[in-house]
Amino acid sequence: MHIDIITVLPELLESPFNHSIMKRAQEKGLLTVQTYNLRKWAINKHMQIDDYQFGGGAGMVMMCEPLANAIDELQQGRKYDEIIYLTPDGKTFNQKTANHLSLFNNLLLICGHYKGIDERIREQYVTMEISIGDYVLSGGELAAAIVVDAIGRLLPGVLSDETSALFDSFQDNLLAPPVYTRPADFRGKKVPEILLQGDPKKVEEWRHEQSLLRTKTRRPDLLDEE
Ligand code: 6GU
């Protein structure tokens, strides 16, 4: 999978993909991520990429021209499966969307700033709009990092069998069960006996029960989703 990201703050996206699982995904050649500074397509020598909004009101809007030129140029080199705009008024990102996106070859992510991007870019270029939750961030970069991470770890070969995404919380609309490691007794707090006995079938049953219990008490809404 290849992911291009258009941003005014490429520096913000340097670190997130250079550690741990995202680093490994790239080293294995399973994922490539390339950021592009929108200023490269600025309309003048002042490096302008935003302007006041028509109709008045506080806050700048990211202009059509730099974005359109950036997207046009990138599209010459690649056919994108989706052009995704990260925005608080997009559809809320979840595991189902991550699974869906992980099947594609090429994605283009656009990070918004200020008041957002000119509506005409959304109409003409953007094929999908994603929010990562009901709160407002100062820009789409951190949201883009989250989306790339959630997708990247699902790519075949990125996770080992033991850490397989099949067992994640949310993968079957259930939260993950509690986990324990040594010592078996920590300041008098004991690990559930069943996990110490070594009967894989019983462990499996216990984990499933715990998953259901957790989901019922913490996220009953998940049990209603199809
Ligand atoms: Cl994708 N962008 C911004 N700026 N704020 C957000 C968001 C995205 N998702 C939730 N809040």
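Our structure is the block above this text.
Residues numbered from 1 in each chain as written. Predicted model: local features only at pLDDT ≥ 70, side-chain atom pairs only at ≥ 80, totals over all residues. Heavy atoms only, no water.

K.L.:
Got a sec to walk through the nonpolar core? Specific residues and values, please.
P.N.:
Counting residues in hydrophobic clusters, the biggest one holds 32 residues, and the most contacted among them are Ile-5 and Leu-31. Of all the secondary-structure elements, those providing two or more residues to this core are β1 (2-7), α1 (20-27), β5 (82-92), α3 (95-101), β6 (106-111), β7 (128-131) and α5 (141-152). The element that contributes the greatest number of residues to this core is α5, accounting for 7 residues. Among the nonpolar cores identified, the runner-up in size contains 20 residues, and Val-8, Leu-38, Ile-71 and Ile-110 belong to it. (Core = buried A, V, L, I, M, F, W, Y, C linked by side-chain atoms within 4.5 Å. Buried < 20%, exposed > 50% of the residue type's maximum accessible area, 1.4 Å probe, protein only. Helix = DSSP H or I, 4+ residues; strand = E, 2+ residues; numbered from the N terminus.)

K.L.:
Account for the site of the ligand, naming residues and giving values.
P.N.:
Within the structure, the ligand sits among Leu-86, Thr-87, Pro-88, Ile-130, Ser-131, Ile-132, Gly-133, Tyr-135, Val-136, Leu-137, Gly-139 and Ala-143. Contact between the ligand and Ser-131: a nitrogen atom at 3.4 Å from a side-chain N or O atom of the residue. Here a nitrogen atom of the ligand sits 2.9 Å away from a polar atom, N or O, in the main chain of Ile-132. Notes on the ligand: free accessible area 290 Å², of which the protein chains cover 96%. Mapped by element, the contributors of at least two residues to the shell around the ligand are β5 and β7. Ranked by residue count, the leading element in the shell around the ligand is β5, at 3 residues. Residue composition of the shell around the ligand, by class: 8 nonpolar, 4 polar and no charged. (Near = heavy atom within 4 Å. Polar contact = N/O pair within 3.5 Å; in protein donor to acceptor, adjacent residues only side chain to side chain. Areas by Shrake-Rupley, 256 points an atom, 1.4 Å probe, with all protein chains shown as cover. Nonpolar A, V, L, I, M, F, W, Y, C, P; charged D, E, K, R; others polar.)

K.L.:
Give a description of the side chain of His-113 that names residues and reports values.
P.N.:
Along the chain, the position of His-113 falls in the loop between β6 and α4 (119-124). Owing to a relative accessible area of 9%, His-113 belongs among the buried residues under this scheme. A distance of 3.5 Å separates the side chain of His-113 from the backbone oxygen of Ser-138, its partner in a polar contact. Residues contacting His-113, with those up to four places away along its chain left out, are Val-8, Leu-9, Met-62, Ser-138, Gly-139 and Glu-141. (Contact = heavy atoms within 4.5 Å.)

K.L.:
Can you explain the sheet that holds β6? Please cite residues and give values.
P.N.:
In any sheet, the strands associate via hydrogen bonds between backbone groups, in a parallel or an antiparallel arrangement. One open sheet accounts for 5 strands, arranged β2-β1-β6-β5-β7; its pairing is parallel. A single partner strand is all that each edge strand has here, and the edge strands are β2 (32-37) and β7. Strand-to-strand, the axes of this sheet are offset by a mean angle of 30°, without reference to chain direction. Bridge analysis of β1 against β2 gives 6 bridges, and the strand direction is parallel. Counterpart to Ile-5 in the pairing with β2 is Thr-35. (Pairing = 2+ DSSP bridges. Axes fitted to C-alpha atoms, helices over the stretch in contact; angles between N-to-C directions.)

K.L.:
With reference to specific residues and values, describe the packing of aromatic side chains.
P.N.:
Tallied over the full model, the rule gives 1 aromatic pair. On the basis of an interplanar angle of 55° and a centroid distance of 6.3 Å, the ring pair of Tyr-36 and Trp-41 is categorised as tilted. (Phe/Tyr/Trp six-rings, centres within 6.5 Å; stacked < 30°, edge-to-face > 60°.)

K.L.:
Residue-level account of the environment of Gln-210, with values.
P.N.:
Turning to its location among the elements, Gln-210 is positioned in helix α7 (residues 200-218). A C-alpha to C-alpha distance of 27 Å links Gln-210 and Ile-151, two positions 59 residues apart in sequence. Apart from residues lying up to four places away in sequence, Gln-210 is in contact with Pro-177 and Pro-178.

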